[in-house]
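Structural features, examined
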Amino acid sequence: MVHNAFDSLELISNCSPKIDAVASYGLKILLGCSDGSLKIYSPGSSESDRSPPSDYQSLRKESYELERTISGFSKKPILSMEVLASRQLLLSLSESIAFHRLPNLETIAVLTKAKGANVYSWDDRRGFLCFARQKRVCIFRHDGGRGFVEVKDFGAPDTVKSMSWCGENICIAIRKEYMILNATNGALSEVFPSGRIGPPLVVSLLSGELLLGKENIGVFVDQNGKLLQADRICWSEAPIAVIIQKPYAIALLPRRVEVRSLRVPYALIQTIVLQNVRHLIPSSNAVVVALENSIFGLFPVPLGAQIVQLTASGDFEEALALCKLLPPEDASLRAAKEGSIHIRFAHYLFDTGSYEEAMEHFLASQVDITYVLSLYPSIMLPKTTVVPEPEKLLDISSDAPSLSRGSSGMSDDMESSPPAQLSELDENATLKSKKMSHNTLMALIKFLQKKRSSIIEKATAEGTEEVVLDAVGDNFASHDSTRFKKSSKGRGTIPMYSGAREMAAILDTALLQALLLTGQSSAALELLKGLNYCDVKICEEILQKKNHYTALLELYKSNARHREALKLLHELVEESKSNQSQDEHTQKFNPESIIEYLKPLCGTDPMLVLEFSMLVLESCPTQTIELFLSGNIPADLVNSYLKQYSPSMQGRYLELMLAMNENSISGNLQNEMVQIYLSEVLDWYSDLSAQQKWDEKAYSPTRKKLLSALESISGYNPEVLLKRLPADALYEERAILLGKMNQHELALSLYVHKLCVPELALAYCDRVYESIAHQPSGKSSGNIYLTLLQIYLNPRRTTKNFEKQITNLVSSQNTTIPKAGSVTAVKVKGGRTTKKIASIEGAEDMRMSPSSTDSGRSDGDAEEFSEEGDSTIMIDQVLDLLSQRWDRINGAQALKLLPRETKLQVKDELYNQRKTVVKITSDSMCSLCNKKIGTSVFAVYPNGKTIVHFVCFRDSQSMKAVAKGSPLRKR
């Protein structure tokens, strides 16, 4: 909308000769004339000398007089001039580019390389000058003193007609094209054609962007030449020059100066008719327009006066745009007037159906949300809040003092009565219906969402401050008494609350209702899932009425009312289980929902988790126990709770704990888990024994778990468990426990004599052998088989002492239990060396060092191992053991244990096994290094086929375990 933005005033008239260039320096105007002279003009009135220093930088609204003339300032006519105010220099382009010190106009530099230059551009921030001459583009840098340093010199495809810095690059116009020149490497990239009618025009904006001219259109591009927006400035004609003086773009046309807004759609603001205008330059407070022989100044109309014009004509947007340009000293009054315009504009838009735009202006006015919510009477708000009537708050700045035209030109003429629609009672019904429509609620939602971030932040900070005050002993009652008082400061009579949390409660409560009323239940749910201040009572009532149970659960959850949430969730789960329940709102709830709710509470309220987990433990045992495990609830606490409230699930929990990680539960819990299994097995045993149906080889599921647990875990106390076992049953359990105590002979005796299952005895030996063989020492791992052989050879002796040894083992806790591998040094009769032979007396494990059958011991020495006399030998088991595990048994030691009548037969078989013939040829390869054996020392594995270099065998770590159990023969 057209209004007066500038006042035109002639400053200099009848200048001779013709004006070719113009610049302003403070109060003064510098004119470059066609004869090469420089004319300096200053205000003609004597009052200029008495002006305040701040006015020395501004042009005056008065006639200017010639102060002095510098003839011969330039040999040729000056094409253009520019005052570099930050460096107090005058840059002039004539036959070359010269720099003069201001105000004395002392010459400090003349760039001889710029001779013939036709255009230039100055980057004041960096002190860089670029200019074009012929088909070259040169860049110089001001060194801060009197000199300039050449930086770059690039070639151009043709003569440069216009140029301007754009960030680190340079935009140039060549032929009919705009291009971006990379100031680092000289690379050129095309932008778009400049047109055929008007001259190319490159205008640099303060933001670093560019305005490029194409015919009568101004196009905005970024520093790389990319279009910034679809909208363009459309001038009446192709402009000769354009300058930017916010908020306007001022174009020099052939017969006039045209002023347009810089806001889309770039409306025409003012047209100033002037003939023969040649130059248009900006100054600190005005626009200087140079004609052939005169100078005009375009002085901005005070912003206040412009705002009054625009507001009176209903052009609120332009008025608001100008409000932002009011001087900082009027900031508070500017905010009040700006808010007044926003609110008037918002009411106008709201009443004409532009609800979203209206909310944008309510938002910009910084009016309290209570003011806007008063337009929505159906929205329920917390009862402690007093919501103002919009009619009473519309004229929010009527009492504010006006801005004088001398400062900003703002007057009270723009204050008018509230819109008639708000005061006419006969339209109230229609207005109320309109205000609660879907579109109005959607606009309200956007308004509240935009206000929410800052309000929630303040509410959170207020809560934190309150906690700190309480922590340091501040009187909360005193603090609370002033927390909700209305402030008398601020904009007029709009209520301002010091209680940020109350305002947050108002906002979130209203936002939740608006979301539900517009059918955005998922958005309402997201609101409740995050930090919110919804009023529980109001929102609870609304959510219950509309059956939004999921949102209600989140409401409870966000307010830490977990017990209420879990109770509701349990009711919904039970209702969903009912066959009569057809309500779609409850069908999606199941026991797993309770588990999911409990997961985040494991770290904060484990007791509540345990309490409500009992409700779903039977229906979802695995998930519930996984909840305990994943939630890192202390295992001892869970175990204690289950032991009290759900003993049947205690073992299941401990099982899963152990399955996840044996080290994750303490030895005490491992022991307790085994105790639980043992108790169930003992009850089972008692029942069957009472019915005389007990079978030692019967295995219930729990007994299988017990046996597996006894074998696999190590955290329990075997001595304690051993005391609970019956004397005449559960021998397999007893054997495992004895094995854990390294009582291998007793354990094997149970397998052989009580269970009568040699296979179990052999499997036991295998486990012991493998566990010892894989240890770093791995000494005498085969002696466990000799212990079993001893039992087979002396069944009566082992049976005779079995009960006595068991009794001594259980009754005495102080008896030293030898560890596996303990040995007794025994001097072997007739031998050449001392051999380590473990005593088999009592519960000692047997350890024997490897030896050949040719150890020097006579066959008659076996008598000392069969002193029991005529005990029955379990010959079948002996032969099976020797045949199945011959490669793990020390043959010499085994022969010493065998009765005399069986020795010669076995020894012959042993010799036969050792008489294997191996033929070495030139093609024989080592199985370890895959090289030929040749004449090297080699070794053969017991299978008689695998051949290796002896050195390879000795150095191979992977073969050492094999070597210990499978003697090799060196050839």
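Note on numbering: residues in each chain are counted from 1, in written sequence order. Reporting in this predicted model follows two pLDDT cut-offs: at least 70 for local features of residues, and 80 or more for side-chain atom pairs to be given and counted; totals over whole chains, interfaces and linings ignore these cut-offs and use all residues. Only hydrogens and water are set aside when side-chain values are computed; all heavy atoms of the structure are taken into account.

Comments concerning the overall build of the protein
Convention followed: Secondary structure elements are taken from DSSP: a helix is a run of H or I of four residues or more, a strand is a run of E of two residues or more, and numbering for both begins at the N terminus. Accessible area is worked out with a 1.4 Å probe on protein chains only. A residue is then buried under 20% of its type maximum, exposed over 50%, and partly exposed in between. By definition in these notes, contact holds between two residues if any of their heavy atoms fall within 4.5 Å. All accessibility values rest on the Shrake-Rupley procedure with a 1.4 Å probe; residue burial counts only the protein chains present in the view.
From N to C terminus, the protein includes 32 helices and 33 strands. When the 971 residues of the protein are sorted by exposure, 48% land in the buried category. Long-range contacts, defined as pairs at least 24 residues apart, comprise 55% of the intrachain contacts of the protein with a sequence gap of at least 6. Summed over all atoms, the accessible surface of the protein reaches about 47,000 Å², with 50% contributed by carbon and sulfur.

Quick notes on the sheet that holds strand 17 (residues 188–193)
Test applied: Paired strands, in this sense, are two strands between which DSSP finds at least two bridges. Inter-axis angles, ranging from 0 to 180 degrees, are taken between N-to-C directions of lines fitted to C-alpha atoms, where helices are fitted over the stretch in contact.
An order of 14-15-16-17 is seen for the four strands of this open sheet, with the pairing classed as antiparallel. Two strands in the sheet have a free side with no partner beyond their single neighbour: strand 14 (160–166) and strand 17. Taking the axes of each pair of neighbouring strands and ignoring which way they run, one obtains an average angle of 25° across the sheet.

Concerning the confidence of the model for the protein
Applied cut-off: Each residue carries a pLDDT value, the predictor's own confidence for that position, ranging from 0 to 100.
In this model, the protein carries an average pLDDT of 79, and 77% of its residues clear a pLDDT of 70 or more. Long-range and interchain partners of residues 391–426, a stretch whose pLDDT sits below 50, account for 80 contacts in this model, where long-range means more than four residues apart. Across residues 961–971 the pLDDT falls below 50, and counting only partners more than four positions away or on other chains, this stretch makes 30 contacts in the model.

Things to note about the packing of helix 15 (residues 591–598) against helix 17 (residues 621–630)
Stated precisely, the cut-off is as follows: Any angle that is under 35 degrees is reported as roughly parallel, and any over 145 degrees as roughly antiparallel; angles of 65 to 115 degrees are reported as roughly perpendicular and all others as oblique. Gly is put with the polar residues, along with every residue not named as nonpolar or charged; the nonpolar set is Ala, Val, Leu, Ile, Met, Phe, Trp, Tyr, Cys and Pro, and the charged set is Asp, Glu, Lys and Arg.
Here helix 15 crosses helix 17 at 0°, and the two axes come no closer than 10 Å. Accordingly, the angle class assigned to the pair helix 15 and helix 17 is roughly parallel. Counting all contacts with helix 15, which are made through E592, I595 and L598, the residues of helix 17 involved are Q623, T624 and L627. Broken down by class, the residue content of the contact of helix 15 with helix 17 amounts to three nonpolar, two polar and one charged.

A word on the pairing of strand 26 (residues 279–282)
Bridge count between strand 26 and strand 27 (residues 287–290): four bridges; the pairing is antiparallel. Looking at the pairing, L280 lines up with V289 of strand 27. If you look at the hairpin formed by strand 26 and strand 27, you'll find four residues sitting between the two strands.

Quick word on the packing of helix 25 (residues 758–773) against helix 26 (residues 783–793)
Interaxial distance between helix 25 and helix 26 falls to 9 Å at its minimum, and their mutual angle equals 155°. It follows from the interaxial angle that helix 25 and helix 26 lie roughly antiparallel. Here P758, A761, L762, Y764, C765, D766, V768 and Y769 of helix 25 lie close against helix 26, whose contacting residues are I784, Y785, L788 and Y792. A per-class count over the contact of helix 25 with helix 26 returns eleven nonpolar, no polar and one charged.

Quick word on helix 12 (residues 536–545)
The following threshold applies: Any pair of nitrogen or oxygen atoms within 3.5 Å is treated as a polar contact; in protein, a donor-acceptor pairing is required on top of that, and neighbouring residues in sequence qualify only through side-chain atoms on both sides.
Of the residues making up helix 12, those classed as buried are V536, I538, C539, E540, I542 and L543. The secondary structure elements touched by the buried residues of helix 12 are helix 10 (500–517), helix 11 (521–529) and helix 13 (549–558). Two or three places before K537, at the start of helix 12, stands the capping residue D535, its side-chain oxygen 3.3 Å from that residue's backbone nitrogen. Of the residues trailing helix 12, N547 is marked for its positive phi of about 60°.

Topic: the pattern of salt bridges
Pairing between side chains of opposite charge can happen when their charged atoms approach one another. To keep it simple, the criterion reads: Salt bridge, as applied in this entry: a Lys or Arg side-chain nitrogen positioned within 4 Å of an Asp or Glu carboxyl oxygen.
Counted under the stated rule, the structure contains 34 salt bridges. For D766, the salt bridge goes to R885, with nearest N and O atoms at 2.8 Å. With D766 in helix 25 and R885 in the loop between helix 28 (875–884) and helix 29 (891–897), this pair connects stretches of sequence that are 119 residues apart. For the pair D766 and R885, one class covers both residues: buried. Residues joined by salt bridges that share partners form a network here, namely K113, R136, E150 and D153.

Examining the nonpolar core
Condition: To qualify as a nonpolar core, a set must consist of buried Ala, Val, Leu, Ile, Met, Phe, Trp, Tyr and Cys residues joined through side-chain atoms within 4.5 Å.
One finds F6, V289, F362, V372, Y376, Y653 and L789 to be the most contacted residues of the largest nonpolar core, which totals 178 residues. Not counting residues up to four positions away in its chain, the partners in contact with L789 are V878, L881, L882, A894 and L897. Residues V202, L211, L212 and W235 belong to the second largest nonpolar core, which totals 23 residues.

Considering the environment of V367
Along the chain, V367 turns up in the loop between helix 4 (355–364) and helix 5 (369–373). C-alpha of V367 to C-alpha of S340: the two residues are 27 residues apart in sequence and 9.8 Å apart in space.

Remarks on unusual backbone geometry
Cis geometry is found at the peptide bond from K246 to P247, where omega equals 10°. Assignment of secondary structure puts P247 in the loop between strand 22 (241–245) and strand 23 (248–252). V264 connects to P265 through a cis peptide bond whose omega is 15°. Looking at the secondary structure, you find P265 in the loop between strand 24 (256–261) and strand 25 (268–273). One non-glycine residue, L105, adopts positive backbone phi at about 60°. The topology assignment puts L105 in the loop between strand 8 (97–101) and strand 9 (106–111). Of note, Q366 is a non-glycine position whose phi angle comes to about 60°, a positive value. With respect to the element layout, Q366 can be found in the loop between helix 4 and helix 5.

Section: the packing of aromatic side chains
For clarity, the cut-off: Pairs were defined over the aromatic rings of Phe, Tyr and Trp, the Trp ring being its six-membered one, requiring ring centres within 6.5 Å. Orientation was assigned from the angle between planes: stacked under 30 degrees, edge-to-face over 60, tilted for the rest. Geometrically, a charge over a ring is one whose NZ (Lys) or CZ (Arg) sits within 6 Å of the ring centre while staying within 35 degrees of the ring normal.
Following the criterion strictly, the structure yields 19 aromatic pairs and no others. A centroid spacing of 5.7 Å and a plane angle of 25° characterise the contact between F131 and F140, whose relative ring orientation is stacked. Look at F131 and you get buried, because its relative accessible area is 0%. Note on F140: relative accessible area 7%, which makes it buried. Here F628 and Y653 contribute two aromatic rings whose centre-to-centre distance is 6.0 Å and whose plane-to-plane angle is 75°, an arrangement assigned as edge-to-face. With F628 in helix 17 and Y653 in helix 19 (residues 650–660), this residue pair connects regions lying 25 residues apart in the sequence. Overall, Y653 belongs to the buried group, its relative accessible area being 0%. An aromatic cluster is present here, built from F99, W122 and F148 joined pairwise through their rings. Stacked on the ring of F128, the Lys or Arg R126 has its end atom at 4.5 Å from the ring centre.

A word on the sheet that holds strand 26
With antiparallel pairing, four strands are arranged side by side in an open sheet as 1-28-27-26. In this open sheet, the two edge strands, each paired with only one partner strand, are strand 1 (6–12) and strand 26. Geometrically, the sheet is characterised by an average inter-axis angle of 25° between neighbouring strands, direction not taken into account.

Concerning the environment of L601
One can find L601 in the loop between helix 15 and helix 16 (606–613). On the accessibility criterion, L601 (5% relative accessible area) is buried. A C-alpha to C-alpha distance of 9.9 Å links L601 and I633, two positions 32 residues apart in sequence. Excluding its chain neighbours within four sequence positions, the residues that come into contact with L601 are H562, P606, L608 and V609.

Looking at the pairing of strand 20 (residues 217–221)
Two faces belong to every sheet, and in a regular strand the side chains alternate between them. Strand 20 sits mainly inside the fold: four of its five residues count as buried. Counted along the chain from strand 19 (residues 210–214) to the antiparallel partner strand 20, the turn is two residues long, and its residue E215 has a positive phi close to 60°. The pairing of strand 20 with strand 21 (residues 233–234) spans two bridges and is antiparallel. Bridged to I217 within strand 21 is C234.

Points about helix 28
Note on helix geometry: an α-helix contains 3.6 residues per turn, so any two residues three or four positions apart are oriented the same way. For clarity, the cut-off: By arc we mean the arc of the directions from the helix axis to the C-beta atoms, nothing more.
All of the buried residues along helix 28 are V878, L881 and L882. The arc that holds every buried residue of helix 28, seen down its axis, measures 95°, which confines them to one face. Where helix 28 is buried, its residues contact helix 25, helix 26 and helix 29.

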